Amino acid sequence: MQILSAENAKVFSENIWKENPIFRQILGICSCLAVTNLVFNTMIMCAGLIFATVMSNLLVSALRNYIAGRIRMIAQVVLIAVSVTVVDLLLKAFLYDVSKQLGAYVGLIITNCIVMGRAEVFAMKNSPWPSFWDGLGAGIGYSIVLLIIAIPREILGFGTLMGYPIMSQDWISWNIMIMPPGAFFMLGILIWIVNSTGKKVGHDEK
Amino acid sequence: MSEIHPLIIFIAAIFTNNILLANFLGMCSFIAISKTLKASVGLGTAVVFVMAITTPVSWIIYYELLVPLELEYLYFLIAIMVIAGIVQLVEIILERYSPALYYTLGIFLPLITVNCAILGACLFFVVRNYNFMQTVAYGIGSGIGWAIAIIGMAAIRRRLRFAHVPPALEGIGITMIITGIMALAFSGFAGVVSIQ
């Protein structure tokens, strides 16, 4: 089997920008906003999310012929919960401090609509290998948006990037950027910018 | 376990630590449903109702079943199944005993299974070491807080139809900005009471 056939490459790259889950469907923004005040935590969260999406896509896709249509939602949720439990245990084992800081948000990957959305839309209908690329693409697309939000928040809110001070000595931190409203404003502005480029965010009533 | 009075947790969960505005949970349905006021009231009520039941039930299962058996790592799996099960149960009971309420809340109940606010409340009481009464207060308070946020948002969005918003900001963009302003307003309560 080819490692990355043309078709898989298309699935993979479409999820990153053209069908980006956050811009396209406004999915899964809960955890997106909660952890983005520190770039490092965001990266760990993204890694966890990519892992969970890929693993749940693989599991759902491998078992898709055994899942009865009527109970497929609950079956998918259970498989996703298994993947997220693995992420949580790995974090607790290797990155205990970060896992303490992220707290409940790791568990909340379960209800992140992106994971569920990919399982329902793609993995239920395709074989494991394309599903793997689909999950990876969706995860990376999501991570890029998270980092775009996280980097300005940490720079303006703490005057640091990845913990290293980059602003001058007399920099006064914008406390609002660390607080929840900062995340809402950042995402609002980001959607504004993306919309101005002619890409329509979300399915709106208008 | 922390020694905060349940009443304080209740107030804090509504205002200072609003699960939507401070913890960002339940954003997906918040944005989708707050388009219409009537649906927001329906979903808000359903969330209060389900959260008031799921958090105490999960507490009992976690501390009376999983902790003695040392199976805490299965909690994600159990919590999500408890939520799905309770939502189903509530749906069946309502349909049987209160058809009127069922027709108001009915279509919103399936949505609630994947509402992260519900799962979030079930995970936060573990992280914050609440005892039973504190958990009950937290569950009801969070539900009410979420309902207040979505109903307020729906009312604002109704007025917004007559406002001149930059075309690129229409819809979700402006909703996010307004949510930010709402979060700012709610953080004004911060001095009143606080939990973590």
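Residues numbered from 1 in each chain as written. Chains lettered and ligands numbered in written order. Predicted model: local features only at pLDDT ≥ 70, side-chain atom pairs only at ≥ 80, totals over all residues. Heavy atoms only, no water.

Asker: How would you summarise the packing of helix H10 (residues 180-196) of chain A against helix H9 (residues 172-187) of chain B if you had to cite specific residues and measurements?
Answerer: One way to put it is that H10(A) packs onto H9(B) with a least axis distance of 8 Å and a crossing angle of 165 degrees. Classified by the angle between their axes, H10(A) and H9(B) sit roughly antiparallel to one another. The crossing of H10(A) and H9(B) is left-handed. When H10(A) is examined against H9(B), the residues A:Pro181, A:Phe184, A:Phe185, A:Leu187, A:Gly188, A:Ile189 and A:Ile191 are found in contact with a partner set consisting of B:Ile172, B:Gly173, B:Met176, B:Ile177, B:Thr179, B:Gly180, B:Ile181, B:Ala183 and B:Leu184. Grouping the amino acids of the contact of H10(A) with H9(B) by side-chain chemistry returns twelve nonpolar, four polar and no charged. (Axes fitted to C-alpha atoms, helices over the stretch in contact; angles between N-to-C directions. Helix = DSSP H or I, 4+ residues; strand = E, 2+ residues; numbered from the N terminus. Parallel < 35°, antiparallel > 145°, perpendicular 65-115°, else oblique. Left-handed = near helix turned anticlockwise from the far one by under 90°. Contact = heavy atoms within 4.5 Å. Nonpolar A, V, L, I, M, F, W, Y, C, P; charged D, E, K, R; others polar.)

Asker: Could you give an account of a nonpolar patch on the surface, with specific residues and numbers?
Answerer: A contiguous nonpolar patch, built from A:Phe40, A:Met43, A:Met162 and A:Tyr164 and spanning about 420 Å² of accessible area, is present on the exposed surface. Its place among the elements puts A:Phe40 in helix H4 (residues 39-62). (Patch = residues over 30% accessible without salt bridge, like charges linked within 9 Å, V, L, I, M, F, W, Y side chains within 5 Å. Areas by Shrake-Rupley, 256 points an atom, 1.4 Å probe, with all protein chains shown as cover. Salt bridge = Lys/Arg side-chain N within 4 Å of Asp/Glu carboxyl O.)

Asker: Which residues make up helix H7 (residues 116-127) of chain B, and what values do they have?
Answerer: The terminal C-alpha atoms of H7(B) lie 16 Å apart, and with twelve residues this matches the ideal 16 Å at 1.5 Å per residue to within 8%. The complete set of buried residues in H7(B) reads B:Cys116, B:Ala117, B:Ile118, B:Leu119, B:Gly120, B:Ala121, B:Cys122, B:Leu123, B:Phe124, B:Phe125 and B:Val126. (Expected span 1.5 Å × (residues − 1). Buried < 20%, exposed > 50% of the residue type's maximum accessible area, 1.4 Å probe, protein only.)

Asker: Describe in detail the pattern of salt bridges, supporting the description with residues and values.
Answerer: Residues and elements named next belong to chain A. Following the criterion strictly, the structure yields two salt bridges over all chains and no others. Between Lys92 and Asp88 there is a salt bridge whose closest N-O contact spans 3.1 Å. A residue pair is termed a helical-turn pair when its members lie 3 or 4 positions apart in one helix, as Lys92 and Asp88 do in helix H5 (residues 72-94) at four residues. Take Lys92: its relative accessible area is 42%, and that puts it in the partly exposed class. What makes Asp88 buried here is its relative accessible area of 11%.

Asker: How would you summarise unusual backbone geometry if you had to cite specific residues and measurements?
Answerer: All names here are of chain B. Unlike most non-glycine residues, Glu70 shows phi in positive territory, near 55 degrees. The residue Asn129 is not glycine, and still its phi comes out positive at about 55 degrees. Of note, Asn129 is situated in the loop between H7 and helix H8 (132-160).

Asker: Just give me the short version of helix H7 (residues 113-123) of chain A, but keep the residues and values in it.
Answerer: Most of H7(A) is tucked away, with nine of its eleven residues classed as buried. Among all positions of H7(A), only A:Cys113, A:Ile114, A:Val115, A:Met116, A:Gly117, A:Arg118, A:Ala119, A:Phe122 and A:Ala123 are buried.

Asker: Break down the interface of chain A and chain B for me, citing the residues and quoting the values.
Answerer: With 44 residues of chain A at the interface, the matching set in chain B holds 42 residues. Carbon and sulfur atoms supply 82% of the area that chain A and chain B bury against each other, a total of about 3,400 Å² over both sides. On the chain A side of the interface with chain B, the three residues burying the most area are A:Cys30, A:Thr111 and A:Phe184, jointly 18% of the side's total. Linking chain A with chain B are zero salt bridges. Put simply, chain A and chain B have one residue pair in polar contact (both at pLDDT 80 or more) between them. Only helix H3 (29-34), H5 and H10 of chain A provide two or more residues apiece to the side of chain A that touches chain B. Among the elements that line the side of chain A that touches chain B, the one with the most residues is H10(A), at twelve residues. (Buried area = accessible area lost by both parts, 1.4 Å probe. Polar contact = N/O pair within 3.5 Å; in protein donor to acceptor, adjacent residues only side chain to side chain.)

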